[in-house]
Structure formats: structure tokens, C-alpha cells
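# Results of the structural survey
The lines below spell out each chain.
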Amino acid sequence: MPKRVHLIAACAANGVIGRNGRLPWHLPEDYERFEAMTAGQTCIMGRVSFLGWSRATADGRHPIVITRDTTLRRPGVIVAPALSTALVEADSLTAEPFICGGESIYREALTLERPLRLHLTLIARDYEGDARFPDWQHLQWREVARETGRTRDPQLTFLTLDRAR
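Throughout what follows, the structure given in this document is the object of discussion. All values reported here derive from a predicted model rather than from experimental measurement.

Turning our attention to unusual backbone geometry. Cis rather than trans, the peptide bond between G101 and G102 has omega equal to 5°. In this fold, G102 is placed in the loop between β6 (97-99) and α4 (103-109). Cis geometry is adopted by the peptide bond preceding P154, which originates at D153 and carries an omega value of 5°. Backbone geometry at N20 places phi at a positive 55°, although glycine is not the residue there.

Okay, the pattern of salt bridges next. This model, assessed by the stated rule, comprises 12 salt bridges. In this structure, the salt-bridge partner of R4 is D162, at a minimum N-O distance of 3.9 Å. Taken as a pair, R4 in the segment before β1 (5-12) and D162 in strand β10 (residues 155-163) lie far apart in primary sequence, 158 residues in all. For R4, a relative accessible area of 27% puts it in the partly exposed group. With a relative accessible area of 9%, D162 lands in the buried category. We note a salt bridge from R146 to E143, for which the minimum N-O separation is 2.9 Å. Relative accessible area serves as the criterion here: at 41%, E143 is assigned to the partly exposed category.

It is worth spelling out the sheet that holds β1 at this point. Judged by pairing direction, the sheet is mixed, and its 8 strands sit side by side in the order β5-β4-β3-β6-β1-β7-β10-β9 without closing on themselves. Each edge of the open sheet carries a strand with a single partner, namely β5 (78-80) and β9 (141-152). Each strand axis lies, on average, 20° off the axis of its neighbour in the sheet, ignoring direction. Bridge count for β1 against strand β7 (residues 116-123) is 8 bridges, and the pairing is parallel. Residue pairing across strands places A9 opposite L120, the latter belonging to β7. The strands that helix α1 (residues 28-38) touches are β1, β3 (42-46), β6, β7, β9 and β10; relative to β10, the one it contacts most, it runs at about 30°.

Scoring rules and cut-offs
- Residues numbered from 1 in each chain as written.
- Predicted model: local features only at pLDDT ≥ 70, side-chain atom pairs only at ≥ 80, totals over all residues.
- Heavy atoms only, no water.
- Helix = DSSP H or I, 4+ residues; strand = E, 2+ residues; numbered from the N terminus.
- Salt bridge = Lys/Arg side-chain N within 4 Å of Asp/Glu carboxyl O.
- Buried < 20%, exposed > 50% of the residue type's maximum accessible area, 1.4 Å probe, protein only.
- Pairing = 2+ DSSP bridges.
- Axes fitted to C-alpha atoms, helices over the stretch in contact; angles between N-to-C directions.
- Contact = heavy atoms within 4.5 Å.

Right, here's the structure in full:
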């Protein structure tokens, strides 16, 4: 049976999630939450996200990188040519899969016909960037949790949503 897929992202008020392959903000509270939630999990991401995350293999994470660049294959890192292949690999592991970026992988993941849980940090500020989180509001979601962050500038809201079926 396919596992539930978790999508985890931080998104600015204007939808921005990245700029030049990096996060356009420094928000320790969000980063600590991201690190804690993905520890010990299978983390599926694109090449740019993998190369920008120095701790992708730390804390028991099992990274699966979606790329055709086989030079990224190394002990503890699985390389897959497509999200569908990455999910087959993830289903063979014990941990639940977390989609950790980037934009096109999030977009494709939102169309999956399997249970989805969205862990979204909403940042109450616009940022300049070249990567955006895809439109997700048109899908039916059930709110599982909502928490206001300690950070006040900018204000953070941590949402956990399950896609309704």
C-alpha cells in the first residue's frame, strides 16, 4: 500500500519559496522545525534543493534526489529520474516520504492520487524570488493543526493540512 506523502515548505505571502537556488530568508524557527520534522524520514527533492541543503543526509534522513545526474549517487543517497520512481524507492523504505522541493516537484506531488499531508509555513511578508509554491488552495484540505510561530517579524504560521477525498 502506498504511504502518505508529506509536502513540507515555507512560503512567503507572495508565494515565493526560493531565489537563485536558495531560501530568500533566514528564519531559524522555521529551519529548526523543518529539520526536526524531516529527521529520520525519507526526503525527496530535486538536485538544486539537495545541493543547497548541507544536512540532507544528517539525522537519519534518507535522501532521494530527482535528477538525471548520476554523479550525485553516493552512500546513503538514492538518485531517481522522476518523482514516480522516487516514490517507488520511498515505498520500499520504512520512513514516510517528505517532498522537500523544488517548485516543479511540489507541483507534480500535488496531483498525486495518494494521501497527502501539507506542512506549510506561511510567512507574512513578500520576498523576491524565482521559485514559487504552486497553487494549492483550490484543492480540498482539512486542517489538522495551526500554530503561530514565536517569530514576530515576519509572523510565521505553521499549517498542517490533509487533502480531503
